[in-house]
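Structure at a glance
Spelled out, the chains give:
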Amino acid sequence: IMAATDAAQAEAHEPKTELKRVLSPKLLLLFIVGDILGAGIYAVTGDIAGEVGGMAWLPFLIAFTVATLTAFSYLELVTKYPQAAGAALYTHKAFGIHFLTFIVAFTVVCSGITSAATSSNLLAANLLTGLGVGGDDGPGALGTMLVALAFMALLALINLRGVGESVKFNVVLTVVELFALAVVIGIGFYAMATKGADFSQLTTFESSSDRNMFAATTVATAIAFFSMVGFEDSVNMVEETENPRQVFPRIMLTGLGIAVLIYMLVAVSVVLVLPIKDIQNFDGETGILLEVVKTG
């Protein structure tokens, strides 16, 4: 009863917002999963397997644990201050210093800009390569930059149109990401079923460096954590979420759980389909996941 009373009082004192609450629990879940799943998994899986061998799934599990501790902090704050602003708002509530709030907000903006630029550049380069632009030499820097800028301009227009439209477009992109990873996992497990697999390899530590197991796992976890970030951006959508105090905690933790499950299945597919030595010596530009698909 006391908890219900406190929640009612909090709702009563909650600042009114003009933002439309268009995010249902399902849309929020897809938003969080899409934020976490990204280009990182395509790049880091081979590096992680190179550090710890067949135990490549373990760093993802540890990174998930660390990310969950961070998520609990965000959930405590987002349910106490359900307003769009994220880290800048929490900093201002804690210290009340406008300059410090500005620095935090500016840092978050810079992080978003560099992340968007990197991802757009990666998309442009792969798109032009897939279309055969530039021939064997690949697409030029100018063409890649123009396509990346066009892609960011398209996303900007969708975002300016409204959060409802941007979230729906995000759902499309998230489904594409999930489908691509599902293809890798499906082909990997099909190859295991038809060609056989040595599951004892999943507990085999084999590092390409001179590090011991603890040091190698620590390095691999630091790499894996890069693939788990993104969930913290979702707190900026709290003012556009339906019933955020009840919805946000379970949806954020569910999104983290789905992401780590997918990552661990991808890691298992890689280390059981490809020989560890081949993974550690792999230097192809197509990516280790595509190598799993080719082999499977």
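Structure: above.
Structure report, in brief. Quick caveat: nothing in here was measured; it's all calculated off a predicted structure.

**Section: the overall build of the chain**
Scanning the chain for helices and strands turns up twelve helices and zero strands. Counting only C-alpha atoms and orienting by the principal axes, one finds that the chain spans roughly 60 × 50 × 35 Å. A total of 296 residues make up the chain; the buried ones form 36% of that total. Counting only contacts in the chain whose residues sit at least 6 apart along the sequence, the fraction spanning at least 24 positions is 78%. Carbon and sulfur atoms make up 66% of the accessible area of the chain, which totals about 16,100 Å². Between the averaged position of the 14 positive side-chain charges in the chain and that of its 24 negative side-chain charges there is a distance of 11 Å.

**Some remarks on the pattern of salt bridges**
Overall, the coordinates contain three salt bridges when judged by the stated rule. Residue arginine 211 pairs with glutamate 51 through a salt bridge whose shortest N-O separation is 2.9 Å. Residue arginine 211 is located in the loop between α8 (163-195) and α9 (213-228), and its partner glutamate 51 is located in helix α3 (residues 40-52); the two are separated by 160 residues in the primary sequence. Ionic pairing is found between lysine 277 and glutamate 206, a salt bridge with its closest N-O pair at 3.2 Å. Placement of lysine 277 in helix α11 (residues 276-280) and of glutamate 206 in the loop between α8 and α9 is noted, with a sequence separation of 71 residues between them. Judged by its relative accessible area of 51%, lysine 277 is exposed.

**Focus: the packing of aromatic side chains**
Counted under the stated rule, the structure contains four aromatic pairs. Here tyrosine 74 and tyrosine 90 contribute two aromatic rings whose centre-to-centre distance is 6.5 Å and whose plane-to-plane angle is 70 degrees, an arrangement assigned as edge-to-face. Taken together, the residues tyrosine 74 in helix α4 (residues 57-80) and tyrosine 90 in helix α5 (residues 87-95) connect sequence positions 16 residues apart. Its relative accessible area of 8% is what places tyrosine 90 among the buried residues. Each ring, one from phenylalanine 102 and one from phenylalanine 106, has its centre 5.9 Å from the other, and the planes form 25 degrees; the classification is stacked. Here the residue phenylalanine 102 and the residue phenylalanine 106 both occupy positions in helix α6 (residues 98-130), the gap between them amounting to four residues, near one helical turn. The class for phenylalanine 102 is partly exposed, based on a relative accessible area of 49%. Grouping aromatic residues by their ring pairs yields a cluster made of Tyr74, Tyr90 and Phe231.

**Examining α6**
When the terminal C-alpha atoms of α6 are compared, their 48 Å separation across 33 residues agrees well with the 48 Å that a helix rising 1.5 Å per residue should span. Residues of α6 that are buried include every one of Thr101, Ser120, Ala124 and Leu128, and no others. Those residues of α6 that are buried lie in contact with α5 and α7 (141-161).

**Details of the environment of leucine 173**
Turning to its location among the elements, leucine 173 is positioned in helix α8. Taking the relative accessible area as the measure of exposure, leucine 173 reaches 34% and is therefore partly exposed. Measuring from C-alpha to C-alpha, the distance between leucine 173 and glycine 34 comes to 7.6 Å, with 139 residues separating the pair along the chain.

**Regarding the environment of leucine 77**
Within the element layout of this structure, leucine 77 appears in helix α4. Residue classification places leucine 77 among the partly exposed positions, given a relative accessible area of 29%.

**Quick notes on the packing of helix α2 (residues 25-36) against helix α10 (residues 244-273)**
In the contact formed by α2 and α10, the axes pass within 9 Å of each other and the chain directions differ by 40 degrees. In terms of orientation, α2 lies oblique with respect to α10. α10 is crossed by α2, and the crossing has right-handed handedness. Between α2 and α10, the contacting residues are Pro25, Leu28, Leu29, Ile32, Val33 and Ile36 on the first element and Val247, Phe248, Arg250, Ile251, Met252, Thr254, Gly255, Leu256, Ile258, Ala259 and Tyr263 on the second. The class makeup of the residues in the contact of α2 with α10 is 14 nonpolar, two polar and one charged.

**Considerations on the packing of α8 against helix α12 (residues 288-295)**
Contact geometry for α8 and α12: axes closest at 9 Å, N-to-C directions at 40 degrees. The angle between α8 and α12 falls in the class oblique. As for how α8 packs across α12, the hand of that crossing is left-handed. Of the residues in α12, those in contact with Leu181, Val184, Ile187, Gly188 and Lys195 of α8 are Leu289, Val292, Val293 and Thr295. In terms of residue class, the contact of α8 with α12 is built from six nonpolar, two polar and one charged.

Parameters at a glance
- Residues numbered from 1 in each chain as written.
- Predicted model: local features only at pLDDT ≥ 70, side-chain atom pairs only at ≥ 80, totals over all residues.
- Heavy atoms only, no water.
- Helix = DSSP H or I, 4+ residues; strand = E, 2+ residues; numbered from the N terminus.
- Buried < 20%, exposed > 50% of the residue type's maximum accessible area, 1.4 Å probe, protein only.
- Contact = heavy atoms within 4.5 Å.
- Areas by Shrake-Rupley, 256 points an atom, 1.4 Å probe, with all protein chains shown as cover.
- Lys, Arg positive; Asp, Glu negative; His and termini not counted.
- Charge placed at Lys NZ, Arg CZ, Asp CG, Glu CD.
- Salt bridge = Lys/Arg side-chain N within 4 Å of Asp/Glu carboxyl O.
- Phe/Tyr/Trp six-rings, centres within 6.5 Å; stacked < 30°, edge-to-face > 60°.
- Expected span 1.5 Å × (residues − 1).
- Axes fitted to C-alpha atoms, helices over the stretch in contact; angles between N-to-C directions.
- Parallel < 35°, antiparallel > 145°, perpendicular 65-115°, else oblique.
- Left-handed = near helix turned anticlockwise from the far one by under 90°.
- Nonpolar A, V, L, I, M, F, W, Y, C, P; charged D, E, K, R; others polar.

By themselves, these are just geometric observations and shouldn't be taken as functional.
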